[in-house]
Amino acid sequence: MTQKTCPVCELPVNPGITLCPQCGWDFPRVLGTPEVSGKLLQQKLEDAKAEWVKRGIQPVGELTSRFQGYDLILTWKWPKDAELVWICHRHDTFPTKQKDPKASVAVCTRREYERNLCWTLRNPQDKPHYFAVYAAKSATGPFSPAAQIMECMGQLAEINYRIVKRKRFILFGPVASLHISLKTKADICLQALILVGKRHSLPVSPGDGVILKEIQNVQFVRGKAVVPVPPEHWSRELVVRLFFAKPADAKNIRLLHGNTDKMRLG
Ligand SMILES: [Zn+2]
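Now for a look at the structure at hand. The residue count restarts for each chain, going from 1 along the sequence in the order it is written. Residues qualify for local features only when their pLDDT is at least 70, as the model is predicted, and side-chain atom pairs are given and counted only at 80 or more; totals for whole chains, interfaces and linings, by contrast, use all residues.

**Quick look at the overall build of the chain**
Here a helix means four or more residues in a row that DSSP labels H or I, a strand means two or more in a row labelled E, and each is numbered from the N terminus. Assigned secondary structure in the chain consists of two helices and 16 strands. Note that the radius of gyration is over C-alpha atoms, with the globule rule given as 2.2 Å times the number of residues to the power 0.38. The C-alpha radius of gyration of the chain comes to 20 Å, within 12% of the 18 Å expected for a compact globule of 266 residues. Taking the principal axes of the C-alpha coordinates as reference, the chain spans close to 65 × 55 × 30 Å. For the chain, with 266 residues in total, the buried portion stands at 30%. In this description, any two residues whose backbone-derived C-beta atoms lie within 7 Å of each other are considered to be in contact. Sequence-distant contacts, at least 24 apart, represent 64% of the contacts inside the chain between residues at least 6 apart. Neighbour density around each residue's C-beta defines its exposure: 20 or more other C-beta atoms within 10 Å make it buried, 12 or fewer make it exposed, and counts between make it partly exposed, where C-beta atoms are placed from the backbone.

**As for the nonpolar core**
Considering soluble globular proteins, one finds that nonpolar side chains tend to be buried as a cluster. By definition, a nonpolar core groups buried Ala, Val, Leu, Ile, Met, Phe, Trp, Tyr and Cys residues that connect through C-beta atoms lying within 7 Å of each other. Counting 32 residues, the largest nonpolar core has Cys-6, Val-8, Cys-20, Cys-23, Leu-193, Ile-194 and Ala-245 as its most contacted members. At the level of secondary structure, the elements contributing two or more residues to this core comprise β10 (157-167), β11 (175-183), β12 (189-199) and β15 (238-244). Boundary definitions for the domains trace back to an automatic or database domain assignment. Of the residues that make up this core, three or more belong to each of domain 1 (4-54) and domain 3 (157-263). Contact partners of Cys-20, with chain neighbours within four places excluded, come to Cys-6, Val-8, Cys-9, Leu-11, Val-13 and Trp-25. Ranked by size, the runner-up nonpolar core spans 24 residues in total, among them Val-85, Tyr-134, Phe-143 and Ala-146.

Structure (structure tokens):
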């Protein structure tokens, strides 16, 4: 799958996405003539970069996780000026903030990290781990926004999904509701998804169709979750598919769509 990089925060994201899940950069759609839009975009981009730098310390880059032997290992790239990170984790969903009372917290200094070139959680529980990593200049802060990653402990989580359509009357009449129903075994949380539609067949990649919706934080409860489809798309002759906004999220989780007929909108 091809990737692109957010021009503001430099997070790798899927092509075609319009909103960066890390910094909120609204990937520009072409407006007006090429020269005018080019100049406007350039200005917008410079402002957004300045704003991103002004937010203070940047989050760690290229956060990865793996389960090895009896250890869970995280690696990342240190942002400039950061001397330590707070590593917070929960088993049910991503920590909501740095001082989330339900999260376990560990601190790793740059010196410790450079000795091992990774951070290790020994004997982790056999459950999904949702990490939020906050970089800081010192123990008292300031802290960066969170970099997040989920580790399924070597197990690949599979999520099955399909369109569920309800008619006004049982078998006929206008569509009264249309959503995507998702099912999986564990109660996991998906951070950022995109819904892509293509005429007549399933999109093979995010760039192979049009993006209909960007979805943040899909939380499963008792193995189920629902993603509403905006009503303006209900009657369109499109076949839809979900993708991760951040390609790195596809490492642990597989999104399994229903057959083409189960993925048709109109
Ligand atoms: Zn960004």
